[in-house]
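In case you want the letters, here they are:
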Amino acid sequence: MNTTMYRDPANPLAVRKEADDHWTDLSECRGSDPEIFYPITEFGPARDQVAEAKRVCYRCAVAAECLDWALRAGEPAGIWGGTTPEERRYLRR
Ligand code: SF4
């Protein structure tokens, strides 16, 4: 299987190595402000950030793939597949 180093669309500072034809090629968050996907908290004013990120995810054609990846990877931070870290912890249980 061929692999490619690519930048995570929700976190331009992160570089990941994944198989070619990756679902991130179709991600809705490409070009979005990455900060909205990494709120400091899920409460208070950051709730607006979370809501903004989720609105992007709800339009995303690869949200299911994104959520699946985040659950399998145990992604501890950020909005992935329209879910917060707390929501993913709940889904993993
Ligand atoms: S579901 Fe959200 S975080 Fe995941 S690729 Fe789509 S827009 Fe980006």
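Here, the structure is the one placed above.
All residue numbers refer to position in the chain's written sequence, counted from 1. Selection of residues for local features in this predicted model requires a pLDDT of at least 70, selection of side-chain atom pairs for listing and counting requires 80 or more, and totals for whole chains, interfaces and linings are taken over all residues. Side-chain measures were taken over the full set of non-hydrogen atoms in the model, leaving aside hydrogen atoms and water.

## Digging into helix 2 (residues 63-73)
Right, on to step 1. Every buried residue belonging to helix 2 is among Ala63, Cys66, Trp69 and Ala70, and all of these are buried. Looking down the long axis of helix 2, one finds its buried residues gathered within 130° of arc, a one-sided arrangement. Facing away from the buried side of helix 2, by more than 90 degrees, are the exposed residues Ala64 and Arg72.
Right, on to step 2. Following helix 2 by one or two positions, Gly74 has its phi on the positive side, about 65°. Relative accessibility under 20% of the residue-type maximum defines a buried residue, over 50% an exposed one, and the middle range a partly exposed one, all with a 1.4 Å probe and only protein chains included. Under the scheme used here, helices are H or I runs from DSSP no shorter than 4 residues and strands are E runs no shorter than 2 residues, and both carry numbers assigned from the N terminus. The arc in question is the one spanned by the directions pointing from the helix axis to the C-beta atoms.

## With respect to the pattern of salt bridges
Right, on to step 1. Here a salt bridge means any side-chain nitrogen of Lys or Arg lying within 4 Å of a carboxyl oxygen belonging to Asp or Glu. For the structure on display, the rule yields five salt bridges.
Right, on to step 2. Close ionic contact of Lys54 with Glu87 constitutes a salt bridge, the shortest N to O distance being 2.8 Å. Of this pair, Lys54 sits in helix 1 (residues 46-58) while Glu87 sits in helix 3 (residues 85-92), placing them 33 residues apart in sequence.
Right, on to step 3. Given the relative accessible area of 14%, Lys54 is considered buried.
Right, on to step 4. On the basis of relative accessible area, Glu87 is assigned to the partly exposed category, the value being 31%.
Right, on to step 5. As a salt-bridge pair, Arg72 and Asp68 come within 2.9 Å of each other at their nearest N and O atoms. Placement of the pair is Arg72 and Asp68 together in helix 2, with a separation of four residues, close to one helical turn.
Right, on to step 6. Its relative accessible area of 61% is what places Arg72 among the exposed residues.

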